[in-house]
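# Fold and contact review
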Amino acid sequence: MNKRSIGRAFAITMALMLAFALVYTFIFASNDLLLPGDNEIIVAFLDVGQGDSVLIRSRDHAVLIDGGDISRDAPVLMYLRRAGVSRLDYVIATHPHRDHIGGLIAVLNRVDVGRVLMPDVVHTTEVFVNFISVIENNHIPAHAPTPEESFRAGIIEFTVLAPAVGFAGNNVNDASIVLRLDHGETSFLFTGDAEANSEQAMLASGQDLRADVIKIGHHGSRTSTTDVFLSNVLPTAAVISVGGGNRFGHPHYEVLERLANHGIQVFRTDEMGTVIMATDGKRVVLLP
């Protein structure tokens, strides 16, 4: 089955809201969250308000991309505990803005972490200083990945697409780590807050950007998700991680129009809460 066939099957499944999702081998764990089967990966786009956080789990491994902002109730840490995740193979801080790394401070302090991936940029905020201190105090290895580097945690395999070394300049958003998760014939693209310049650099690099699902860049800001980028990614579904009634006006109507014009189904955390998808390597399903 090729990617477009998978995409059509995915769209049909989404439209039906997966009334038959339980045909697959996902079972409910005692913590009320789904436990992946032997060859299955669950991708949860966590509802952290105006911020980003994505948890990727297989049966025996887990990867966390970003952690939202600092919060007294530490929603990401609470979600990890409910999911029974006591170890993260990788924590990926896409870039040093607080709505991406703030919530990671509690996670790094209280969860066993194998390795942190972060871009080679610095920020002058107290949150960033505290984030670096937590990594150092807990002796967690850290690495600034470059495009085409691949990483693996069991069946969770992902490839870094951006940023190129020294690319971001004065725009911290364009320093965002962008990565593609591949599992069998299915794929997810996670873009952090990468904006149009980063998208153009990825296109110019000639890398394969195609993905069934895309996490929309910069919470749906008009500075990201260009038409040409979408035409190369060719996603069937998009997830926007965004806080309700945010002061930035995210997601901008221009981005929603672009997604509609490309026939891409949109799922938003401000409307749905945490958005959970799963793949067995052959198809992607939306879980209730």
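Look above for the structure.
How each quantity is defined
- For every chain, the first residue of the written sequence is number 1, and numbering continues from 1 onward in sequence order.
- Given that this is a predicted model, residues contribute local features only at a pLDDT of at least 70 and side-chain atom pairs are listed and counted only at 80 or more, while totals for whole chains, interfaces and linings are drawn from all residues.
- The side-chain values count all of the structure's non-hydrogen atoms but skip hydrogen atoms and water molecules.
- Here, nonpolar core refers to any group of buried Ala, Val, Leu, Ile, Met, Phe, Trp, Tyr and Cys residues whose side-chain atoms link them within 4.5 Å.
- Three labels apply to residues, based on accessible area from a 1.4 Å probe with only protein chains included: buried if under 20% of the type maximum, exposed if over 50%, partly exposed otherwise in between.
- Only DSSP runs of H or I covering at least 4 residues are called helices, and only runs of E covering at least 2 are called strands; the numbering of each starts at the N terminus.
- Whether two residues are in contact is decided by their heavy atoms, any of which lying within 4.5 Å being enough.
- One requirement defines pairing of two strands: DSSP has to find at least two bridges between them.
- Angles here are taken between N-to-C directions and fall from 0 to 180 degrees, while the axes themselves are lines fitted to C-alpha atoms, restricted in helices to the stretch in contact.
- Pairing of aromatic rings covers Phe, Tyr and the six-membered ring of Trp, with a centre-to-centre limit of 6.5 Å; geometry is then stacked below 30 degrees between planes, edge-to-face above 60, and tilted otherwise.

A separate point is the nonpolar core. One finds L88, L108, V116 and F131 to be the most contacted residues of the largest nonpolar core, which totals 37 residues. Counting only elements with at least two residues in this core, the list comes to β3 (41–45), β5 (62–65), α2 (75–82), β6 (87–92), α4 (104–110), β7 (112–117), α5 (126–137) and β16 (275–279). Those residues in contact with V116 that lie beyond four places of it in its chain are V91, L108, F131, I135, I140, P141, A142 and H143. Counting residues in hydrophobic clusters, the runner-up holds 28 residues, among them I41, I92, I156 and F190.

The next point concerns the pairing of strand β10 (residues 156–162). Along a regular strand, successive side chains alternate from one face of the sheet to the other. Among the seven residues in β10, six count as buried, and that is most of the element. When strand β9 (residues 150–153) meets β10, the two strands line up antiparallel, connected through four bridges. What sits directly across from S150, in β10, is T159. Summarising the sheet, β10 and strand β11 (residues 178–183) pair through five bridges and their orientation is antiparallel. Its bridge partner being in β11, T159 is matched across the sheet by R180.

Right, let's get into the sheet that holds strand β14 (residues 237–240). Strand order in this open sheet of seven strands is β9-β10-β11-β12-β13-β14-β15, and the pairing throughout is mixed. The sheet is open, and its two edges are formed by β9 and β15 (265–268), each paired on a single side. Going across the sheet, the axis of each strand differs from the next one's by a mean of 20°, ignoring polarity. Strand direction decides the pairing type here: β11 and strand β12 (residues 186–190), joined by five bridges, are antiparallel. For L181, the partnering residue across the bridge sits in β12 and is F188.

Attention now moves to unusual backbone geometry. In this chain, A162 is followed by P163 through a cis amide linkage whose omega measures 5°. Tracing the sequence through the fold places P163 in the loop between β10 and β11. For the bond running from H250 to P251, omega is -10°, close enough to zero to count as cis. You can see P251 is positioned in the loop between β14 and α8 (253–261). Non-glycine residue D66 carries a positive phi angle of around 65°. With respect to the secondary-structure elements, D66 resides in the loop between β5 and α2. Given a relative accessible area of 1%, D66 falls into the buried group. Non-glycine residue H139 carries a positive phi angle of around 55°.

Okay, the sheet that holds β6 next. In spatial order, the strands read β8-β7-β6-β5-β4-β3-β16-β17; together these eight strands make up an open sheet with mixed pairing. Sheet topology places β8 (142–143) and β17 (284–286) at the edges, where each strand pairs with a single neighbour. Sheet analysis places β5 next to β6, joined by three bridges and oriented parallel. Bridge assignment links V63 to a residue of β6, and that residue is Y90. Its contacts with the sheet put α2 on β3, β4 (54–57), β5, β6 and β16, and the angle it makes with β4 is roughly 20°.

Among the secondary structure elements, S221 is positioned in the loop between β13 (213–215) and α7 (227–233). Given a relative accessible area of 4%, S221 falls into the buried group.

Under the definition given, this model contains five aromatic pairs. Taking 6.2 Å as the distance between ring centres and 5° as the angle between the ring planes, the aromatic pair formed by F188 and F190 counts as stacked. Note on accessibility: F188 and F190 belong to one class, buried. Clustering of aromatic rings is evident, with ring pairs tying together F45, F188 and F190.

Taking burial as the measure, the five residues of β16 include five buried ones, the bulk of the element. Pairing analysis gives five bridges linking β3 to β16, with the strands arranged antiparallel. Of the residues in β16, the one forming a bridge with I41 is T279. Remark: four residues form the turn of the hairpin made by β16 and β17, two consecutive strands paired antiparallel; G281 in that turn has positive phi of roughly 95°.

This is a description of form; function is not addressed.
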